[in-house]
Amino acid sequence: MISKEYLMSCNTVQTKPTLLSLFVSQLALQLLETAIARGQWLMLQNCHLLVKWLRELEKVLERISKPHPDFRLWLTTDPTPEFPIGILQRSLKVRNRTVTRFIFMVYNRDKNFEIAE
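Each residue is numbered by its place in its chain's sequence as written, counting from 1. Where totals are concerned, whole chains, interfaces and linings use all residues; where local detail is concerned, this predicted model gives features only for residues with pLDDT of at least 70, and gives and counts side-chain atom pairs only at 80 or more. Calculation of side-chain values draws on the structure's entire complement of heavy atoms; hydrogens and water are dropped beforehand.

A. Up close: the overall build of the chain. The number of helices and strands found in the chain is 5 helices and 2 strands. Its helices and strands taken in sequence order, the chain reads α-α-β-α-β-α-α from the N to the C terminus. For each residue, the accessible area found with a 1.4 Å probe, counting protein chains only, is set against the maximum for its type, and the residue is called buried under 20%, exposed over 50%, and partly exposed in between. Going through the 117 residues of the chain one by one, you find that 22% of them count as buried. A contact between two residues is defined here by any heavy atoms of the two lying within 4.5 Å. Summarising the internal contacts of the chain: among those between residues at least 6 apart in sequence, 72% fall at separations of at least 24. Put simply, DSSP marks the helices as runs of H or I at least four residues long and the strands as runs of E at least two long, and each gets a number from the N terminus on.

B. Up close: the environment of isoleucine 36. Considering the arrangement of structural elements, one finds isoleucine 36 in helix H2 (residues 15–38). Overall, the relative accessible area of 15% leaves isoleucine 36 in the buried class. Linking isoleucine 36 and isoleucine 64, residues 28 residues apart in sequence, is a C-alpha distance of 8.5 Å. With near-sequence residues (within four places) excluded, isoleucine 36 lies in contact with Ile64, Pro67, His68 and Phe71.

C. View of unusual backbone geometry. In the Ramachandran plot, asparagine 46 falls in the positive-phi region, its phi being about 55° despite a non-glycine side chain. With respect to the secondary-structure elements, asparagine 46 resides in the loop between strand E1 (41–44) and helix H3 (51–63).

D. Geometry of the side chain of glutamate 58. Within the secondary structure, glutamate 58 sits in helix H3. Although glutamate 58 lies buried, it forms no salt bridge, and the closest oppositely charged side chain, arginine 55, sits 4.7 Å away as judged by the N-O distance. Setting aside chain neighbours within four positions, we find glutamate 58 in contact with Pro84, Ile85, Gly86 and Ile87. In this tally Asp and Glu are treated as negative and Lys and Arg as positive; neither His nor the chain ends contributes. What counts as a salt bridge is simple: a side-chain nitrogen of Lys or Arg found within 4 Å of a carboxyl oxygen of Asp or Glu.

E. Just the nonpolar core, in detail. By nonpolar core we mean a set of buried residues, namely Ala, Val, Leu, Ile, Met, Phe, Trp, Tyr and Cys, connected to one another through side-chain atoms within 4.5 Å. Counting residues in hydrophobic clusters, the biggest one holds 16 residues, and the most contacted among them are Leu32, Leu44, Trp53, Leu54, Leu57 and Ile87. Going through the elements one at a time, H2, E1 and H3 are the ones with two or more residues in this core. Residues within four places of leucine 32 in sequence aside, it is in contact with Leu42, Leu57, Val60, Leu61, Phe71 and Leu73.

As C-alpha cells, this is what we get:
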C-alpha cells in the first residue's frame, strides 16, 4: 500500500496523477474483495476517468466464482467508447436522464392528456 506521506512527497506533476490513480485502484480492489465476500453493495463512481484500470476490473470480475448472493456492484460513468465491452455485456444498465429532458417529457405528456367526463 502506498503511504500518504509518499504521495505528499511527490513534487512532479507527472508523478502525482499516476500514483493517485494507482492508490485509488488498489483501494477499489480491496473494497471489491470485501464486498464480494460479505455481500455488500459497492459503488465505484466516475469510471470513465480510469478507463485503463477498468480492464483490470474486468479481469477480476471474470474470476469471481461464487460471490455472496447479496453482493452488488454499481458503476457510474459518462459515455465513453473505451469502456470495456465485457463489463457492459455482463451488466444491467440504468440510464439517468437529465432533469431538463425529464421536465420536457412530462410537460408534453400532460399537454396531450385529456380528462374524461
